[in-house]
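The primary structure of each chain is shown beneath.
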Amino acid sequence: MLPATRSAAQGKKKFLNEPLIKSIYTADPSAHVFNGKIYIYPSHDIDAGIPENDNGDHFAMRDYHILSMDRIGGPVTDHGVALDIKNIPWAGRQLWAPDAAYKNGTYYLYFPVKDKQDVFHIGVATSKNPAGPFKAEPKPIAGSFSIDPAVFTDTNGQSYMYFGGIWGGQLQRWAKGKYEANGSKTDLQQDNSPALSCKVVKLKANMKEFDGKVRDVIILDEHGKPLLGKDHNRRFFEGSWMHKYNGKYYFTYSTGDTHFLAYAIGDNPMGPFKYKGIFMKPVQGWTTHHSIVEFKGKWYIFYHDTELSGKTHLRNVKVTELHHNADGSIQMIETVKE
Ligand code: FUB
């Protein structure tokens, strides 16, 4: 991801939805239903006084707070600090977008953070309580890199992790299989080659290790060809999510520098997926990041914008309903009154 002063250029907006919480800044909301309640695992944005740059250094988050609610529209509880960067032995800086999962009595919190060499990896922490506190494993997940983990558990109990983000999320620096410290700051810079892909990997039953090879999440266009690097309106950038609807797998993601949420549908959680379109227009602020969850028979999208601060690194999470049409397409989500 990359910062910018896009919000200032957008002028005054009328927002359709309210921030879920106003006492702290929150972003990148990963929502799950545990024990009949909604738990939200967001980033906790702070102003660390670091100037904005193209690397996203000003997104200098240091801990996570977990939020919960009994019903959509009901009161939101902030459960306090669930994991602090000082308690992650391998962490250097920047606790970015997390996700969570549950298996056999244990809750798992997955988090990207830069190590002490300034390279993003993904760690895991555990708790017996969905709201934490969580205890981090001493090392990152072996074989993990880049940012934005999203863990999906299929109806047969197999869990998968989707991860990756280009530009500040460093995915392009792993294109040759190992980290290139002097690699591109943005993408592959190969407009007519397939775009960089999000990654997917199975998780072992212990939920702490990758099981098998990390694979590319292939998104095919209307001609059955992978989306190209120059296709900024459609190609993957960061912030992926997976949900299953009517037996189909919906891979959703941010297009980053073009600020859309897009979706692609497949018959297998590991893809390939057919690009279907955009389902949410740009929100206020540079970044756009979401999760999709079913609760009491309705589908919801959790997302963020910068309504409270007007600053791209101080965001607030929101929720609104998401509708699937009879043909499986997703209705466009409006977030502002123009
Ligand atoms: O919150 C930091 C980064 O901004 C996330 O990892 C990206 O998805 C973007 O929302």
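Placed above this text is the structure.
What comes next is a walk through the structure. (Residues numbered from 1 in each chain as written. Predicted model: local features only at pLDDT ≥ 70, side-chain atom pairs only at ≥ 80, totals over all residues. Heavy atoms only, no water.)

1. Focus: the layout of surface pockets
It is a probe the size of a water molecule, rolled over the atoms, that shows where empty space is left.
Part 1: In this structure, the largest pocket occupies an estimated 540 Å³ of space.
Part 2: Taken together, 20 residues form the lining of the largest pocket, with His32, Phe152, Thr153, Met242 and Val293 sitting closest to its centre.
Part 3: Looking at the lining of the largest pocket residue by residue, the class counts come to 13 nonpolar, four polar and three charged.
Part 4: Approximately 340 Å³ is the volume found for the second largest pocket.
Part 5: Around the second largest pocket, the lining comprises 19 residues; the ones closest to its centre are Ala195, Leu196, Ser197, Lys199 and Asp216.
Part 6: When grouped by side-chain class, the residues that make up the lining of the second largest pocket number 14 nonpolar, two polar and three charged. (1 Å grid on protein atoms, 1.4 Å probe; cavity = no way out; pocket = protein on both sides within 12 Å on 5 of 7 lines; lining within 4 Å. Points joined across faces, edges and corners; volume = space filled by probe spheres on them. Nonpolar A, V, L, I, M, F, W, Y, C, P; charged D, E, K, R; others polar.)

2. Notes on the packing of aromatic side chains
Part 1: This structure, assessed with the given rule, holds 27 aromatic pairs.
Part 2: Plain terms: the ring middles of Phe34 and Tyr102 are 6.4 Å apart, the flat faces sit at 55 degrees to each other, and that makes the pair tilted. Of this pair, Phe34 sits in strand S2 (residues 25–34) while Tyr102 sits in strand S7 (residues 99–103), placing them 68 residues apart in sequence.
Part 3: A residue is classified by how much of its surface remains accessible, and Tyr102, at 40% relative accessible area, is partly exposed.
Part 4: When the centroid spacing of 4.7 Å and the interplanar angle of 45 degrees are considered together, the rings of Trp96 and Phe120 count as tilted. Separated by 24 residues along the polypeptide, Trp96 in the loop between strand S6 (91–93) and S7 and Phe120 in strand S9 (residues 120–127) bring together distant segments of the chain. (Phe/Tyr/Trp six-rings, centres within 6.5 Å; stacked < 30°, edge-to-face > 60°. Helix = DSSP H or I, 4+ residues; strand = E, 2+ residues; numbered from the N terminus. Buried < 20%, exposed > 50% of the residue type's maximum accessible area, 1.4 Å probe, protein only.)

3. Considering the sheet that holds strand S4 (residues 63–69)
Part 1: Ordered in space as S2-S3-S4-S5, the four strands form an open sheet in which the pairing is antiparallel. Here the strands that pair on one side only, and so sit at the sheet edges, are S2 and strand S5 (77–84). When the angles between neighbouring strand axes are averaged without regard to direction, this sheet yields 25 degrees.
Part 2: The pairing of strand S3 (residues 37–45) with S4 spans three bridges and is antiparallel. Of the residues in S4, the one forming a bridge with Ile38 is Met69. (Pairing = 2+ DSSP bridges. Axes fitted to C-alpha atoms, helices over the stretch in contact; angles between N-to-C directions.)

4. Quick look at unusual backbone geometry
Part 1: In this chain, Gly132 is followed by Pro133 through a cis amide linkage whose omega measures 5 degrees.
Part 2: By the secondary structure assignment, Pro133 is in the loop between S9 and strand S10 (135–136).
Part 3: The omega torsion of the bond from Gly271 to Pro272 falls at 0 degrees, within 30 degrees of zero and hence cis.
Part 4: Following the sequence through the fold, Pro272 ends up in the loop between strand S18 (261–266) and strand S19 (273–280).
Part 5: In this structure, Lys296 is a non-glycine residue whose phi angle is positive, near 50 degrees.
Part 6: Note on placement: Lys296 falls in the loop between strand S20 (290–295) and strand S21 (298–305).

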